[in-house]
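Observations on chain architecture
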Amino acid sequence: MTRARAARGRWIENWDPEDEKRWERGGRLVARRNLALSVASEHIGFSVWSMWSVLVLFMSPRIGLDFAPDEKFLMVVVPTLSGALLRLPYSRAVTRFGGRNWTVFASLVLLVPAGLTTYFVQRPGTPLWVFLLTGALAGAGGGNFASSMTNITAFYPQRHQGWALGLNAGGGNLGVAAVQLLGLLVISVFGDTHPAYVAACYLPLIAVVSLLAALRMDNVTVIRTERGAQREAAADPHTWWISLLYIGTFGSFIGFGFAFGLVLQSQFGSTPFEAASFTFLGPLLGSVARPLGGRIADRFGGARVTLWAFAGMAAGIGVLLVATRNGSFALFVSGFTALFVMSGVGNGSTYKMIPAVFARQAEVAVTSGHDAAAAFARSRRLSGAVIGIAGALGALGGVAINLAFRSSYGELGTGEPAFFAFLAFYALCAVLIRVVYLRGERAAGAPSGSVRERSSHVR
């Protein structure tokens, strides 16, 4: 490969991760270095994005921040929404400015919401709108996911993308558990009257990650020139089917991650310490499960594993309904933990479906007489675009979950109506997988052409 210095940073030219010799000669090391720094940046982004799921546990009359439960749910809805809306432009930005350049910017900009949060949570009487605005700015951390995932697809051959994307996203998702563990640490050591300590811890971490990204990451020309890919992807129905599935998997993970502490307080009257003692467990296990879901999908197929994940999530909802009616705190936490684990598996397997679907389309085009290079270039282009679209829409699922909880607990004082709504949506997603992605497999006695992972072996 050749390297060139451009005005906006270091670029790797003529990069083709499917070139086996180049991959073994040095491409693997380049990919791993960029993946490690991408995970670090995305991890910090997720922590800043989900910080409000912890901060609301601190807010009480004792520190001059007395907000009603529905106002606290609104505080976690706003960053979820802004993070979802930023994902689409973030995924486009990385194709325009380069993975290294955009990672540096996207990391540095997190100093703004982290700094504002540190200041305002120490000011008694701060009005709700200030926290909503600050939370909206924290959504920039959620946008990091889309640019990071789009960037990483350019470094890995398709046969390794399930694991690489799962590891990248799983490491980022761990940011949700990390900030909640930090909140627990602060409450344990200093009590529940110092929320500023949580936000202030991330200021030096943001600076360090930004510096490392500037020094060690690379830009790749193969994703720099992809124009109009999102419009092209929007015309393909698989974009919307996969996005719907991702609403169910990632939307559940991020929605439950933001709401879990408030749900425990609303359902069982838990103290901040009691809530923080359990909120980290589910996101932690779900984050670890994400790369596992990608690895299992590499072997058994993304659609099949995603169907298993939705079945497990439905079972988790069943446990929550039983726990709610019996007032069992332990069973309730167990049900939520199962939901996080299965949604993590589903996150990894759903993302594995994206490159597999479009690689299979490329195979069909080649066997029909179209140029192979053009067909697989289109496959890679659309995969990156759909990652951005699905990531944005998936995060909107988190908004819906928090709005459902806000309405359910605010009007009825119980989460049962919300749980039944989630169960119905999971059933819809399971039907979609069977009809669109697995029906052909049953008819042919082999993996469905639209999602078959044998495409991962095509060079």
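Since the model is a prediction, treat every value here as computed from it, not as a measurement.

For the coordinates displayed, the defined rule picks out 5 salt bridges. Two residues, K352 and D298, come together in a salt bridge whose shortest N-O distance is 3.0 Å. Of the two residues, K352 is situated in helix α16 (residues 329-367) and D298 in helix α14 (residues 281-300); the sequence distance between them amounts to 54 residues. You can call K352 buried: its relative accessible area is 1%.

To continue, consider the packing of helix α12 (residues 237-268) against helix α13 (residues 272-279). One way to put it is that α12 packs onto α13 with a least axis distance of 9 Å and a crossing angle of 135°. One finds that α12 runs oblique with respect to α13. As for the relative orientation of α12 and α13, their crossing is right-handed in sense. Within the contact between the two elements, α12 uses F260, G261, L264 and Q265 and α13 uses P272, A275, F278 and T279. For the contact of α12 with α13, the residue count by class is 5 nonpolar, 3 polar and no charged.

Turning next to the packing of aromatic side chains. Applying the stated criterion across every chain yields a total of 35 aromatic pairs. With 5.8 Å between their ring centres and 80° between their planes, F405 and F419 make a pair best called edge-to-face. Here F405 is found in helix α17 (residues 372-411), whereas its partner F419 is found in helix α18 (residues 416-444), with 14 residues between them in sequence. Judged by relative accessible area, which is 0%, F405 ranks as buried.

On average, residues of the protein chain score 84 in pLDDT, and 88% of them are at 70 or above. Here residues 1-8 scores under 50 on pLDDT; set against residues more than four positions off or in separate chains, the count is 26 contacts.

Bringing the packing of helix α6 (residues 128-138) against helix α7 (residues 140-153) into the picture now. Two elements in contact, α6 and α7, have axes separated by 5 Å at closest approach and are oriented at 15°. Accordingly, the angle class assigned to the pair α6 and α7 is roughly parallel. In this structure, α6 contributes A136, L137 and A138 to the contact, and α7 contributes A140, G141 and G142. Here the residues of the contact of α6 with α7 are counted per class, giving 4 nonpolar, 2 polar and no charged.

Calculation criteria
Just so you know, the residues in each chain are numbered from 1, in the order the chain's sequence is written. Local features in this predicted model are restricted to residues whose pLDDT is 70 or higher, and side-chain atom pairs enter the listing and the counts only when it is 80 or higher, whereas totals over whole chains, interfaces and linings include all residues. No hydrogens and no water enter the side-chain calculation; it runs on all heavy atoms of the structure. By definition here, a salt bridge exists when the distance from a side-chain nitrogen of Lys or Arg to a carboxyl oxygen of Asp or Glu is within 4 Å. A run of DSSP states H or I qualifies as a helix once it reaches four residues; a run of E qualifies as a strand once it reaches two. Both are numbered from the N-terminal end. Summary of the burial criterion: residues with accessible area below 20% of their type's maximum are buried, those above 50% are exposed, and those between are partly exposed, where the area comes from a 1.4 Å probe applied to protein chains only. In this description, a line fitted to the C-alpha atoms serves as the axis of each element, helices being fitted only across the stretch in contact, and the angle between N-to-C directions of two axes falls anywhere from 0 to 180 degrees. Angles are sorted into four bins: roughly parallel if under 35 degrees, roughly antiparallel if over 145, roughly perpendicular if 65 to 115, and oblique for all others. Crossings are assigned a handedness: left-handed for a near helix turned anticlockwise from the far helix by less than a right angle, right-handed for a clockwise turn. The contact definition used throughout considers only heavy atoms, calling two residues in contact when any of these lie within 4.5 Å. Gly is placed with the polar residues, together with every amino acid not listed as nonpolar (Ala, Val, Leu, Ile, Met, Phe, Trp, Tyr, Cys and Pro) or charged (Asp, Glu, Lys and Arg). Paired rings are identified among Phe, Tyr and Trp, the last through its six-membered ring, by centres lying within 6.5 Å, and are further divided according to the angle between planes into stacked (under 30 degrees), edge-to-face (over 60) and tilted (the rest). Values of pLDDT, the confidence the predictor places in each residue, fall between 0 and 100.

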